[in-house]
Amino acid sequence: MHVALTGATGFLGLRLLRRLLARHRSVTVLAHAGSGDALHRITRFFELTGAPEAFTARLTDRLRVVETELERPRLGLPGRAFRELADGLGAIWHSAGSINLEGDLPELRRTNVEGTRHVLELAAAGRGRPVVHHVSTAFVAGGRREGVAYEDELDDAYGFENAYERSKYEAEKLIHAWSREHARPVVVLRPSILVTDLAPHPELPSHPLQVVERIMRDARGTRSGGPERDGRPRVRLVGHPHGRLNLLQVDHAAQLMVRLADRTPSGGVDTYHVVHDRDVPVPMVVALLERLVPVSVELVGTEPDDPSALESLLDFYPGLAVYLTHRRRFDDTRVRALLGPSAASDRVDLDYLSSGLAARDRVRAGPADGPGLSPARYS
């Protein structure tokens, strides 16, 4: 089976690529046209995360890079090139997309909805009827802040916290319609918030919580002018003291996704919540902010009427703050039933999160970096 992957230079896509290369002799990378040297960026990721030299030396032979434009029909390819690409595939992994929590809906639709439409167009054109593996998000559950979100649920009854969630919901609705129309299977993988303990590096893609770094940099240059607590500027942040976030190690997420893809599809849309079995309490996120930013955070029920300069600054980062009120849980019964105890994740604690956000002099390499970075996993 020959496999194509979109988003291969992204935070999750690079880890998926590593897992796919462990199973397949070669992979076609559908890279964004004009985004730069995808092969170089992929190679640097493997070098920086401890891959053996012999592995990286073979990447030019094992990776075929095709420059595409997700927003355009036929992925922006000439007709003949599009058909030849489609006919050579046995599986398509669609991991590309915009995760901009503050983006506007028309822009996000172009990437996340129309991009998915054109990937499905590629799948429909292939003589081999390739199976589509679509990376969505557990946050298609939308504005529901309590209770349980189940894998088979897909509705907009609760609205959405932002345009990103809505665009991913619309992409999933498109997938269901396509699957029914073409009588084709699709595997939908819904990860929660993906994190790493790998230190930030300018040649590695950032992860969603690295917005904390931006807050930290901006906060250092902002004078509060407001009250202090424990010798630090006080910041009132809307959140629930019993709230929780689901944070999952990106390497473990990629491992679970590729293992789930080994299962024989049902023929319709099979949806899996790729989430941690233990949520992170909101007070731990507060402790993370206080460890990295010189502030004292106080969780409040509503926006303050008299925000300080620091509190006004945090209003520019609504993508982080809105989820501090959530107390819902993502059900992953199907994943645990299929994969058993191996679906369980290592603990995500304060030290783990800090390691992935605090800049260091160099990126650690090799097995010490945790799941997925052992040289034994390369082939």
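Owing to the predicted nature of the structure, the values given are computational and were not obtained by experimental measurement.

A. Representation of the packing of helix H6 (residues 105–125) against helix H7 (residues 163–182) within the structure. In the contact formed by H6 and H7, the axes pass within 9 Å of each other and the chain directions differ by 20 degrees. It follows from the interaxial angle that H6 and H7 lie roughly parallel. Between H6 and H7 the crossing geometry is right-handed. Contacts from Leu105, Leu108, Arg109, Asn112, Val113, Thr116, Arg117, Leu120, Ala123 and Ala124 of H6 reach H7 at Ala163, Tyr164, Arg166, Ser167, Lys168, Glu170, Ala171, Leu174, Ile175, Trp178 and His182. Residue classes in the contact of H6 with H7 are distributed as 12 nonpolar, 4 polar and 5 charged.

B. Spatial organisation of the nonpolar core. Counting residues in each nonpolar core, the largest one holds 43 residues, and the members touching the most others are Leu16, Leu17, Phe46 and Trp93. Core analysis: the next-biggest nonpolar cluster, separate from the first, contains 36 residues, Val275, Val285, Leu320 and Val322 among them.

C. Inspection of the pairing of strand S1 (residues 3–6) at higher detail. Judged by which residues are buried, S1 turns out to be covered on both faces: Val3 and Leu5 on one side and Ala4 and Thr6 on the other are all buried. Pairing analysis gives 4 bridges linking S1 to strand S2 (residues 27–32), with the strands arranged parallel. What sits directly across from Thr6, in S2, is Leu30. Here 4 bridges tie S1 to strand S4 (residues 91–94), and the two strands are oriented parallel to one another. Across the sheet, Val3 pairs through a bridge with Ala91, a residue of S4.

D. Molecular detail of the sheet that holds strand S7 (residues 186–191). Strands sit in the order S3-S2-S1-S4-S5-S7-S13 across an open sheet of 7 strands; the sheet is parallel. What marks the edges here is a single partner per strand, and that holds for strand S3 (63–68) and strand S13 (269–274). Strand after strand, the sheet turns through a mean of 20 degrees between neighbouring axes, direction not considered. Helix H2 (residues 38–48) contacts S2 and S3 of the sheet and is inclined by roughly 130 degrees relative to S3.

Scoring rules and cut-offs
- Residues numbered from 1 in each chain as written.
- Predicted model: local features only at pLDDT ≥ 70, side-chain atom pairs only at ≥ 80, totals over all residues.
- Heavy atoms only, no water.
- Axes fitted to C-alpha atoms, helices over the stretch in contact; angles between N-to-C directions.
- Helix = DSSP H or I, 4+ residues; strand = E, 2+ residues; numbered from the N terminus.
- Parallel < 35°, antiparallel > 145°, perpendicular 65-115°, else oblique.
- Left-handed = near helix turned anticlockwise from the far one by under 90°.
- Contact = heavy atoms within 4.5 Å.
- Nonpolar A, V, L, I, M, F, W, Y, C, P; charged D, E, K, R; others polar.
- Core = buried A, V, L, I, M, F, W, Y, C linked by side-chain atoms within 4.5 Å.
- Buried < 20%, exposed > 50% of the residue type's maximum accessible area, 1.4 Å probe, protein only.
- Pairing = 2+ DSSP bridges.

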